[in-house]
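If you want the building blocks of each chain, they are given just below.
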Amino acid sequence: MVGVLIRMNLAMQRHTWSGTRLFWAGLGLLAALGTVAVSVWKADSPKVAVDLIASAAAGWTLLLALAPVFSSSGGLRPEHLALLPIPPRRLAVGLLGAAVVSIGPAIALIAFAALGFYGFQLGVGPGTVGALAGVLQLVVAILLARVVYSLMGAAMQTRLGMELVALQFGLFIALMSVGWFVIQPVAGQTDRVLDEGWPSPLSEIFRMLPSGWGIVAVDAAGRAAWGLVALVFLAFVALIAGLLLAWSALLARSVAARSVSRPPRRRVSRDVARPWGLPATQTGAVVVRELRTWTRDPWRALELRIALWTGLFMGAIPLLIGFAGALPFVGILIALMGGVVSGNLLGLDGSALWQTLLTPGAARIDVRGRQWAWLLIFGPVSLAATVILTALSGEAWLWPLVLSLLLAVLGGAAGLAPFFSVFFPSPGIDPRLRKNPMDSSGEMMNEVFFMPWLVMLTAAPTAAVVVQGLTRENLALQWAGVPVGLVTGALFAWGLGAIAAWRLEARGPELLNLLLRGSTPKAKTSEPSLDDEARQQMPLGKKVIVWICVSLCWLPLFPQGLVPLAFKLFGVDVRSWFLALYLPSVYQWPVIFAMIVVGAAMLTLGIWIPRQHVQQWRAANPPQGSTASKKG
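What counts, and at which threshold
Residues numbered from 1 in each chain as written. Predicted model: local features only at pLDDT ≥ 70, side-chain atom pairs only at ≥ 80, totals over all residues. Heavy atoms only, no water. Helix = DSSP H or I, 4+ residues; strand = E, 2+ residues; numbered from the N terminus. Buried < 20%, exposed > 50% of the residue type's maximum accessible area, 1.4 Å probe, protein only. Areas by Shrake-Rupley, 256 points an atom, 1.4 Å probe, with all protein chains shown as cover. Polar contact = N/O pair within 3.5 Å; in protein donor to acceptor, adjacent residues only side chain to side chain. Patch = residues over 30% accessible without salt bridge, like charges linked within 9 Å, V, L, I, M, F, W, Y side chains within 5 Å. Salt bridge = Lys/Arg side-chain N within 4 Å of Asp/Glu carboxyl O. Axes fitted to C-alpha atoms, helices over the stretch in contact; angles between N-to-C directions. Left-handed = near helix turned anticlockwise from the far one by under 90°. Contact = heavy atoms within 4.5 Å. Nonpolar A, V, L, I, M, F, W, Y, C, P; charged D, E, K, R; others polar. Parallel < 35°, antiparallel > 145°, perpendicular 65-115°, else oblique. Phe/Tyr/Trp six-rings, centres within 6.5 Å; stacked < 30°, edge-to-face > 60°. Lys NZ or Arg CZ within 6 Å of the ring centre and 35° of its normal. Expected span 1.5 Å × (residues − 1). pLDDT = per-residue confidence, 0-100. Arc of directions from axis to C-beta.

Draft legend 1. Local environment of the overall build of the protein. The helix and strand tally for the protein stands at 29 helices and zero strands. When the 632 residues of the protein are sorted by exposure, 44% land in the buried category. When the accessible surface of the protein is summed, it comes to about 32600 Å², and 69% of that surface belongs to carbon and sulfur atoms.

As structure tokens, then:
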């Protein structure tokens, strides 16, 4: 059975590869090779080597454990085998075998091979122990990932569990977004760690964690402490058996039908909008439906809480280094994240869209009702966060800026949410079949990478007015940003909502089909198009340049260019990892603009080179039909 499941898993993953996944796989491979290099580089300093390898193993184990939670890649799921009479323990063993044969575990195995490389420098015995320990570490990490994934699915069945899952997501996104605030203090200790290892309490913690057992066994084998080696391997076996049993129990629960809690029956009023204080209109009814969905549907409620927690953590993390300047912007961040998590608003409802499509004239009412409900959900909480935290921060000069940007961002996000979900839907699992936190979304790359920038772009006119006021020290011009933000936000909400409604009326059936069946693979024709053939024939050197430019252009453009530019404009005294801010003041502006130019040039090259190659290819290889007509 394991062989069949391995082939099924490989076949399902073969069609999910994209440029983004290849980029992350390449980055992971470099990190794995770096882990192996550390085991060779610090072999003459056993204490430092053991500390570094133990911490690296902890990082790899954590990465593998969280990867299925944050990944939406298509792979073999227990639900695919729910109708087969396979006992849970046998199914767990089969799925474990299928999970091992994948690109992620293969990269992690290279990283865990550092145990063997370090061990063989101590002798054949420690090397053999390291090789076996590396394999066991990999099995533990994969089983831990499956248990964590199943536990999060089980947690989504309770309100407390949903709150905990949302808190974890919010903390992770905030760390990925503003974690660089604390890079500077940590980076200052790098030399000391490389010379002396981790401080005593931290070093002991890394060795006591299951991720550190492998290097402890290798170190013990190097000192001929074979009793400790045997004890570590027994602990590995016990841990693997425990995780396998836990996963089996969770599998038996996950393949069962999801229970549905039914609230007690209440007297239903014919006027659904009046209890909420809303007008008794069709739009009011949609608003009530949306408000109830945002609070009752676990996946909608999860998205709402992720936005709240992410905004709060992004304001709180900089406090670790004593920087309170992010607090006034928490409300704006909540509104911005509200737009990001709503970028697949129609996809969150899955097949329920058919009710709207079957009702003549309902598309426009549905879009407007969703927009009003979104504003009622995210507007008050983001406004309250802005007012309270701006007052607490003591940054009174920021009032015009934060209020203006908040109004603009709320309007822009309210317009972009239906617009983006109609034009770029991400089909996930239908609501009645969802079990795990990421089941509501399919491929989220569009929302994650583009929605934040689009929402911020809608606030650009307002920001320009307020920045002009700050530059000229004109208070009236600064406060003029508030009505500008209100007007531009209302225009974006109305205009983008109208376009979304038009699109939903015109292409609603295609959208419903996409949400029901997922994206349809492109039909393979016997002869590829001329453009496809041109891109395939592009020289390897050009492909490498395009890949580097597109993948890395964000680095000089945003974190090394636009972010320090904003810090300089607003007087934020944080240098972190921004190169320009470490230079003398006379060189800072030139370096910032140089970084922006470099980033923009890389992005332009990444787009221009393929287009130029296609044009040259077309000129050298005209279509046969056009050639024949010219000869005729």
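Picking up after the structure, the text goes on.
Draft legend 2. View of the side chain of threonine 35. Assignment of secondary structure puts threonine 35 in helix α2 (residues 19-41). By relative accessible area, which is 10% here, threonine 35 ends up buried. A polar contact of 3.1 Å, which involves the side chain of threonine 35, links it to the side chain of tryptophan 60.

Draft legend 3. Geometry of a nonpolar patch on the surface. On the surface, a cluster of nonpolar side chains totalling about 640 Å² of accessible area is made up of Leu540, Val544, Trp547, Ile548, Leu552, Trp554 and Leu555. Residue assignment for the nonpolar patch shows that the elements contributing at least two residues are α26 (540-552) and α27 (554-570). Looking at the nonpolar patch, the element that brings in the most residues is α26, giving five residues. Residue tryptophan 547 is classed as partly exposed on the basis of its relative accessible area, which comes to 44%.

Draft legend 4. A look at the packing of helix α19 (residues 362-393) against helix α24 (residues 481-517). Relative orientation of the contacting elements α19 and α24 amounts to 140°, with a least axis distance of 8 Å. Crossing of α19 against α24: the hand is right-handed. Contacts between α19 and α24 involve Ala363, Arg364, Val367, Arg368 and Gln371 on the former and, on the latter, Ala493, Trp494, Gly497, Ala498, Ala500, Ala501, Trp502, Leu504 and Glu505. Of the residues contributing to the contact of α19 with α24, the split by class is nine nonpolar, two polar and three charged.

Draft legend 5. Here's a closer look at the pattern of salt bridges. Applying the stated criterion across every chain yields a total of eleven salt bridges. The salt bridge involving glutamate 290 is made with arginine 289; its shortest N-O contact spans 2.9 Å. Judged by relative accessible area, which is 0%, glutamate 290 ranks as buried. With relative accessibility at 33%, the residue arginine 289 sits in the partly exposed group. Through salt bridges with shared partners, one network takes in Arg289, Glu290, Arg300, Asp349, Asp366 and Arg370.

Draft legend 6. Region of interest: the packing of helix α20 (residues 399-423) against helix α22 (residues 460-472). Taken N-terminus to C-terminus, the directions of α20 and α22 make an angle of 165°; their axes are 9 Å apart at the nearest point. On the basis of the axis angle, α20 is roughly antiparallel to α22. Relative to α22, the crossing made by α20 is right-handed. On α22, the residues that touch Pro400, Leu401, Ser404, Leu405 and Ala408 of α20 are Thr462, Ala463 and Val466.

Draft legend 7. Representation of the packing of aromatic side chains in the model. Counted according to the given criterion, the structure contains eight aromatic pairs. Put simply, the rings of Trp213, Phe233 and Phe236 pair up and form one aromatic cluster. The ring of tryptophan 294 carries arginine 300 above its face, with NZ or CZ at 4.8 Å from the centroid.

Draft legend 8. Inspection of the environment of phenylalanine 169 at higher detail. With respect to the helices, strands and loops of the structure, phenylalanine 169 is situated in helix α8 (residues 159-178). C-alpha of phenylalanine 169 to C-alpha of isoleucine 306: the two residues are 137 residues apart in sequence and 6.2 Å apart in space.

Draft legend 9. Structural detail: α19. Look at α19: 45 Å from first C-alpha to last across 32 residues, which is about the 46 Å you get at 1.5 Å a residue. Just beyond α19, the residue with positive phi is glycine 394, at close to 75°.

Draft legend 10. Structural view of the side chain of aspartate 366. Among the structural elements, aspartate 366 can be located in helix α19. Aspartate 366 gets classed as buried once you look at its relative accessible area, which sits at 2%. A polar contact is formed between the side chain of aspartate 366 and the side chain of arginine 289, at a distance of 2.9 Å. Apart from the residues within four sequence positions on either side, aspartate 366 is in contact with Val286, Arg289, Leu346 and Thr356.

Draft legend 11. How the structure looks around the confidence of the model for the protein. Overall, the prediction assigns the protein a mean pLDDT of 79, with 81% of residues at 70 or greater. Note on residues 521-526: pLDDT is under 50 here. Beyond four places in sequence and across chains, it has zero contacts. Taken together, the stretch residues 628-632 has pLDDT below 50 and engages in zero contacts with residues farther than four places along the chain or on a different chain.

Draft legend 12. The arrangement of unusual backbone geometry in detail. For alanine 224, which is not a glycine, the phi torsion comes out positive at approximately 60°. Mapped onto the elements, alanine 224 comes out in the loop between α12 (213-222) and α13 (226-254). Look at alanine 224 and you get exposed, because its relative accessible area is 52%. Positive phi, normally seen in glycine, also occurs at glutamate 473, with a value near 55°. The class for glutamate 473 is exposed, based on a relative accessible area of 71%.

Draft legend 13. Highlighting α22. Between its first and last C-alpha atoms α22 spans 18 Å; for 13 residues at 1.5 Å apiece the expected length is 18 Å, and the two agree. Among all positions in α22, only Thr462, Val466 and Gly469 are buried. Burial along α22 is one-sided: seen end-on, the buried residues are contained in an arc of 55°. Away from its buried face by more than 90 degrees, α22 exposes Thr471 and Arg472. One or two steps after α22, the chain reaches glutamate 473, where phi turns positive at roughly 55°.

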